[in-house]
Every structure is written in C-alpha cells, then in structure tokens.
Amino acid sequence: DPVPARSGVGEGSLTHTLILLAVGSAIFLGTIWAPPSLMDDVDAVNAQIARTMLESGDWVTARINGVLYLEKSPLGFWLMAVSYTVFGPHVWAARLPGALGSIALMWVTAALGRWGFGSGAGFYAGLAIGSSIGLFLFTRIVIPDVLLTLAVTCALYCFLRAVEDDGRRWAWGYWAAIGLGMLLKGLLAALVPVATAALAA
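These notes cover the structure that comes with them. Keep in mind that this is a model prediction, so the values were computed, not measured. (Residues numbered from 1 in each chain as written. Predicted model: local features only at pLDDT ≥ 70, side-chain atom pairs only at ≥ 80, totals over all residues. Heavy atoms only, no water.)

1. Details of the side chain of Arg140
Then step 1. Along the polypeptide, Arg140 turns up in the loop between helix H7 (133–138) and helix H8 (145–165).
Then step 2. Buried and unpaired, Arg140 has no salt bridge, with Asp43 as the nearest side chain of opposite charge at 8.7 Å.
Then step 3. Residues within four places of Arg140 in sequence aside, it is in contact with Thr31, Ile32, Ala34, Pro35, Pro36, Asp43 and Arg95. (Helix = DSSP H or I, 4+ residues; strand = E, 2+ residues; numbered from the N terminus. Buried < 20%, exposed > 50% of the residue type's maximum accessible area, 1.4 Å probe, protein only. Lys, Arg positive; Asp, Glu negative; His and termini not counted. Salt bridge = Lys/Arg side-chain N within 4 Å of Asp/Glu carboxyl O. Contact = heavy atoms within 4.5 Å.)

2. Some thoughts on the packing of helix H2 (residues 13–28) against helix H5 (residues 91–117)
Then step 1. For the pair H2 and H5, interaxial distance at closest approach is 9 Å and the crossing angle is 155°. It follows that H2 is roughly antiparallel to H5 by the angle criterion. Where H2 crosses over H5, the two elements pack in a sense that is right-handed. Across from Ser13, Thr17, Leu20, Leu21, Val23, Gly24, Ser25 and Phe28 in H2, the residues of H5 making contact are Ala99, Ser102, Ile103, Met106, Trp107, Ala110 and Arg114.
Then step 2. Residues of the contact of H2 with H5, tallied by class, amount to 9 nonpolar, 5 polar and 1 charged. (Axes fitted to C-alpha atoms, helices over the stretch in contact; angles between N-to-C directions. Parallel < 35°, antiparallel > 145°, perpendicular 65-115°, else oblique. Left-handed = near helix turned anticlockwise from the far one by under 90°. Nonpolar A, V, L, I, M, F, W, Y, C, P; charged D, E, K, R; others polar.)

3. Observations concerning the packing of aromatic side chains
Aromatic ring pairs are reported here in terms of the distance separating the ring centres and the angle at which the planes meet.
Then step 1. Under the counting rule described, the total for this entry stands at 6 aromatic pairs.
Then step 2. When the centroid spacing of 5.2 Å and the interplanar angle of 55° are considered together, the rings of Phe87 and Trp92 count as tilted.
Then step 3. Overall, the relative accessible area of 40% leaves Phe87 in the partly exposed class.
Then step 4. Classification of Trp92 by relative accessible area gives partly exposed; the value is 28%.
Then step 5. For the pair Phe159 and Tyr174, a centre-to-centre distance of 5.7 Å together with 45° between the ring planes defines the contact as tilted. With Phe159 in helix H8 and Tyr174 in helix H9 (residues 168–185), this residue pair connects regions lying 15 residues apart in the sequence. (Phe/Tyr/Trp six-rings, centres within 6.5 Å; stacked < 30°, edge-to-face > 60°.)

This is the structure we're talking about:
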C-alpha cells in the first residue's frame, strides 16, 4: 500500500539527500573541467551564442558570428551567459548549468520515488539516475537536454501531487515546469506532461 509512504518524508531522507548531493557533486561537478573540449558542432555554437549575448548585451536575439540564430529556445543560452558572468567564459562554466541540472534531477527523482514508494526507493531511484552513463555523457555536451529532462520530471511530479494531494500550488508548479521546459526546447517540453494529464483525465 503506497499511502503510508506518502504520509511522511521518512527518517532516513535527510541522510539520503546528503548522500545524493555528495555523489552527484562528485560525478558531475567533479568532472566538468575535464576533457573533451568543446566540439566544433553544437557544443561550440551554443557556447559561443551565450558568450555573444554576454558581450553584446543583447539577451533577446541569439546570434552566431553576427548571423541570427533563431532555431533554439533561449533559456539554455541565458543560463550559460549567467555562468559566464559569474565565472568567466570557460568551457567548464558552459557545462555548469547542465551539471547542476543533473544533480537537481537526482534530487527530484528521489523525491518522486520517496513520495510514491518510501524513503529507500527514492534514494535508490536518485542513485540509479545519477549513475546512468547516458546522463553523464549528456553533461559533456553543451546542450539543454538534461535541463529539459529535469523540467519534464518536475512537471510530472507536480502533476501527481496535484492529483493526489489536491493542491493548487502543485498545479502552478506543473505549469511553471512546462513553461521552463518550453524556454529550453520549445513545444517538445509540453508533449509528455500534457499527454500524461490528458490520459489521466
């Protein structure tokens, strides 16, 4: 019966959360400055667009070598530009938003598992996704896919909480997560959460 697991956080949740944060930081923050360098394809394009935004002061229109680049949503560029502002235009600074997104994804996955199946299940779910080779490889490329996964996961978690707990704040969280996802990857971010809500209706 999943109801008791949803009634509380659980005694070991704080310890589990700290372990997940430590493991995630070691994996993702501990390797963002290591090779490979930016590749000539999408890596360099995305990183350079963010740098151009920072240097030109135009954070509205993406450009690469003076040419308009309107193929991608802007939030990924904005996050890299913010990272450049704080740490300087380094390769590891371009990768930092994805690395932090991976750690946040571990935490949200653990929270979802803990809410549905108990503290232990949430802990192992967070560890499982954090130790996935695919997630690690996607933090080595400067693309917003990890952050998109985080946004979709947050939307699904908020949807489940809104349905089960009947909370308006969770419904707002659902739409906010979809909105952030669309700023990262366009309408693709709304596909899974909205389809899930439609099937559950």
